[in-house]
Amino acid sequence: MFKLMHRKTYSVTARKMTRMLVNAGCAQSKAGGMISQIANLFRVKISHPSRVMDPQTISRIVLEGLIAAKCQVGYEISRTQDGTSNRGNTYKYRHIAMRVPDYHSTNLKVNPSSIPKIRLLGVDCTVEHSADASPEGFTNAVRDTLDIFDRSPAARRLERKVTIREFFRKLKGMNGDHASKEKSCAKGMQNQKQAAALEELGEETLVEKTTYELVQYLAAWNAKKIAGIGGLKNWNSLLDVEKTKHDVKLMEEIIQTLGKEEYHNLDPETCRELDLFIWAGCCMHKNKNSFKSGSTGMIGAWDTLGLTPPILLANKGNTAILRCILNPGGSSGALSDDEQRAFEDSTRGGVKMAALAGAIFNNKDDKKGQGDRHAEYFKEKANIAYTCFPDTSNNRFGSHSDAAAHLIWYLDIYIKFLGVLRLSKKLGTFTQIEQNVLNALNDIPTHTELCAMTLYHQAVCKPYMRAVRNPDVDTQNALDLGPLHVLVQEFVKKIIEEPELLVSPDVSHVEATLDGKEWDSPVTIQAVLKLMPSLPHLKEVTVAFFTGTLATWKHFSAKFAPGGLIDTASASEKQLAWMPPTNVVNEGALGAYLVAILGKPSMTLHQYNALAMFQRNDTQSFVDTVFIDEDHLFVMCEARKPDVSGAERIHRKKIVDFRVEVACIRKEKDIARAEKLKEDAEHLSKVVIITETQQIYRLTVALLGEQIDAI
């Protein structure tokens, strides 16, 4: 018999099954009835068959999973000897990597040589998206998690107590993408770690003093405090609240001072152990930014080499202005101001072509583009099993280089398809974007860029991503990838110096790929070789692409440079600061959240965190191994608090209030700026313009500037 109730509450087993159903996608309003239907299907009797969980109860049960997941992370932080953090942006996705017990075994001791597990700390829509607010948000997320665990029966029963200071002591590094805010967040976390270490050293030093030493020491600091306020009379005139603030600030200063003094007395090895904090950066972003730099170098090469660049891909408005330039027989006179602006606003080349093609053949908006017609044509007329056009419309990793290879391989088919598309329309005309794509498909310089992008993608990008995202990615440490980044730079230099290794009819993957392994897509290389005789400048453009990537590879590999922190770190230190090579956990969490919200737009952030953390962190294994009745009762009580306190509503109000405040501040600045401009204009209108040369020579710089502005 399936026991649905236990002492007038739903049983632990029933709650477990409910969470499993909701995690599998069952609507909360249907999960209660599904339990009865499943039992009937398998002919299992249920106690209290007339009882059906209501949606409110199911919502609370889901939130219990959030409390249990936070207890789990707190417990694991108390057990681990190390940890690194990983985060995303806009919506803040925070993960932590640490070595944890194996809950499927009877031994809950942590194996120091085990591979760290990545735990989700939750998703948070922060009030303020500044670099200063990011470290604070991360710390608050950890503090909230540790607070729940410390108040739990499990913490008392297992005699586990963990503080935010202990977390910072175990924090050995941080990873994320290469955005400036991410680096600032890492620096902020490092500063908090150092402050926590000094605070701990200061408190230990203070405790070690004898009573006499302590009295003398504090008396000296107290005298300094009173003198700073202006004397004893001023001190006595302060309110008790103000005195308390001064005393708290004084103690913080005393502890930090003692901490710094003690730190300078430590041996170098101990200092390094306290300070160890490594930031490596996401390898996927290194690859992405290097490709972007290569594209920039390739675009600039046409002018540098004095060659005819790819055809201009102007939008509809600019096309009308530039018609004389775009048409072969157009005017060759000087451009007007409007024509010059339209020319500068328009773009060209392989990357732009890939983006336009993605907007037609696989638009992120299902109501736009020709995605269905594209799929049907390739399947029925071209006898090609349909695969989606690379998702350049959503700007996926590697999508533009994949699109370049796709267009080169199916070049003739795409030209035919666009012809069919035009004739199938009532008016028999192209849209501007379709005309641009067709023009680019028939343009030799654009073919050249597409082939250069494809060659770099096959020679560098694919082998590099195989190295950082291989089947053993869960065991791979980003800090061990220094030799790989040295190899990338050496390989890129080799192709720049000997482009014939890659741009040749006899090209071989042994010499022309980063790892010497078979091409990821041999058919695209064959397509490039087929077009090569018609591309006289492919070698020069490819060299320009590789040259553009080299500087970026050097910049983003600086953390692995000889003599740097990662290079000089010992094997044990690298293990302590273990971090995944890519930011894929955060990128994946972002996608998962967006998909979840699309399917269930009314889902609160607390509900999503409960489902995501419970599932991703394998919290059920932790609960089955560690929890007893008092722990289940604790999470039931704690799960009521977010609903009762209206935490979600209060948080959203803070976000709205902050945005309103920012808008008011900006409005005030705009008003002040307008008034200043008005005052300046009135002042300049009264300035007498000086025309005599002798008087101009006697003017100061400020007055001369005033004359220029008045003119």
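Owing to the predicted nature of the structure, the values given are computational and were not obtained by experimental measurement.

### A short note on the pairing of strand β6 (residues 171-175)
Right, on to step 1. Most of β6 is tucked away, with five of its five residues classed as buried.
Right, on to step 2. The pairing of β6 with strand β7 (residues 278-279) spans two bridges and is classified as parallel. Residue pairing in the sheet places Gly173 in a bridge with Ile278 of β7.

### Considerations on unusual backbone geometry
Right, on to step 1. A positive phi angle is found at Arg7, which is not glycine, with a value near 55 degrees.
Right, on to step 2. Of note, Arg7 is situated in the loop between β1 (5-6) and β2 (9-10).
Right, on to step 3. Notably, Lys8 is not glycine yet its phi reads approximately 70 degrees, a positive angle.
Right, on to step 4. Among the secondary structure elements, Lys8 is positioned in the loop between β1 and β2.
Right, on to step 5. By relative accessible area, which is 82% here, Lys8 ends up exposed.

### Some details on the nonpolar core
Right, on to step 1. Ile77, Phe167, Met174, Met189 and Phe622 are the most contacted members of the largest nonpolar core, which has 70 residues in total.
Right, on to step 2. The element that contributes the greatest number of residues to this core is helix α3 (residues 55-79), accounting for twelve residues.
Right, on to step 3. Leaving out residues up to four positions away in the same chain, Ile77 has contacts with Ile96, Met98, Leu146, Val162, Phe167 and Lys170.
Right, on to step 4. Membership of the second largest hydrophobic core comes to 69 residues, among which are Ala459, Phe491, Ile495 and Ala512.

### Digging into the packing of aromatic side chains
Right, on to step 1. For the coordinates displayed, the defined rule picks out 20 aromatic pairs.
Right, on to step 2. Ring plane angle 65 degrees and centroid distance 5.2 Å describe the contact between Phe291 and Phe545, whose orientation is recorded as edge-to-face. Of the two residues, Phe291 is situated in helix α12 (residues 283-304) and Phe545 in helix α25 (residues 538-556); the sequence distance between them amounts to 254 residues.
Right, on to step 3. Residue Phe291 is classed as buried on the basis of its relative accessible area, which comes to 11%.
Right, on to step 4. On the basis of relative accessibility, which here comes to 0%, the residue Phe545 falls in the buried class.
Right, on to step 5. On the numbers, 5.2 Å between centres and 50 degrees between planes, the contact of Tyr377 with Phe417 is tilted.

### Focus on a nonpolar patch on the surface
Right, on to step 1. Taken together, the side chains of Leu41, Phe42 and Val44 define a hydrophobic patch exposed on the protein surface, amounting to about 330 Å² of accessible area.
Right, on to step 2. Here Phe42 lies in the loop between α2 (28-41) and α3.

### Regarding the pattern of salt bridges
Right, on to step 1. The full count for this structure, using the stated rule, is 27 salt bridges.
Right, on to step 2. Two residues, Glu511 and Lys494, come together in a salt bridge whose shortest N-O distance is 3.7 Å. With Glu511 in helix α23 (residues 509-512) and Lys494 in helix α22 (residues 482-497), this pair connects stretches of sequence that are 17 residues apart.

### What to know about the layout of surface pockets
Right, on to step 1. Of the volumes computed, that of the second largest pocket is approximately 960 Å³.
Right, on to step 2. For the lining of the second largest pocket, the secondary structure elements donating two or more residues are α3, β5 (117-125), α4 (133-150), α29 (605-616), α31 (629-645) and α32 (647-685).
Right, on to step 3. At ten residues, the largest contribution of residues to the lining of the second largest pocket is made by α4.
Right, on to step 4. Across the lining of the second largest pocket, the residue classes break down as 13 nonpolar, ten polar and twelve charged.

### Quick notes on helix α24 (residues 522-531)
Right, on to step 1. The set of residues buried in α24 consists of Thr524, Ile525, Ala527, Val528 and Leu531. Projected onto a plane normal to the axis of α24, the buried residues spread over an arc of 155 degrees and lie on a single side.

The rules behind each value
- Residues numbered from 1 in each chain as written.
- Predicted model: local features only at pLDDT ≥ 70, side-chain atom pairs only at ≥ 80, totals over all residues.
- Heavy atoms only, no water.
- Buried < 20%, exposed > 50% of the residue type's maximum accessible area, 1.4 Å probe, protein only.
- Helix = DSSP H or I, 4+ residues; strand = E, 2+ residues; numbered from the N terminus.
- Pairing = 2+ DSSP bridges.
- Core = buried A, V, L, I, M, F, W, Y, C linked by side-chain atoms within 4.5 Å.
- Contact = heavy atoms within 4.5 Å.
- Phe/Tyr/Trp six-rings, centres within 6.5 Å; stacked < 30°, edge-to-face > 60°.
- Patch = residues over 30% accessible without salt bridge, like charges linked within 9 Å, V, L, I, M, F, W, Y side chains within 5 Å.
- Areas by Shrake-Rupley, 256 points an atom, 1.4 Å probe, with all protein chains shown as cover.
- Salt bridge = Lys/Arg side-chain N within 4 Å of Asp/Glu carboxyl O.
- 1 Å grid on protein atoms, 1.4 Å probe; cavity = no way out; pocket = protein on both sides within 12 Å on 5 of 7 lines; lining within 4 Å.
- Points joined across faces, edges and corners; volume = space filled by probe spheres on them.
- Nonpolar A, V, L, I, M, F, W, Y, C, P; charged D, E, K, R; others polar.
- Arc of directions from axis to C-beta.

Any link to function would need more than the numbers given here.
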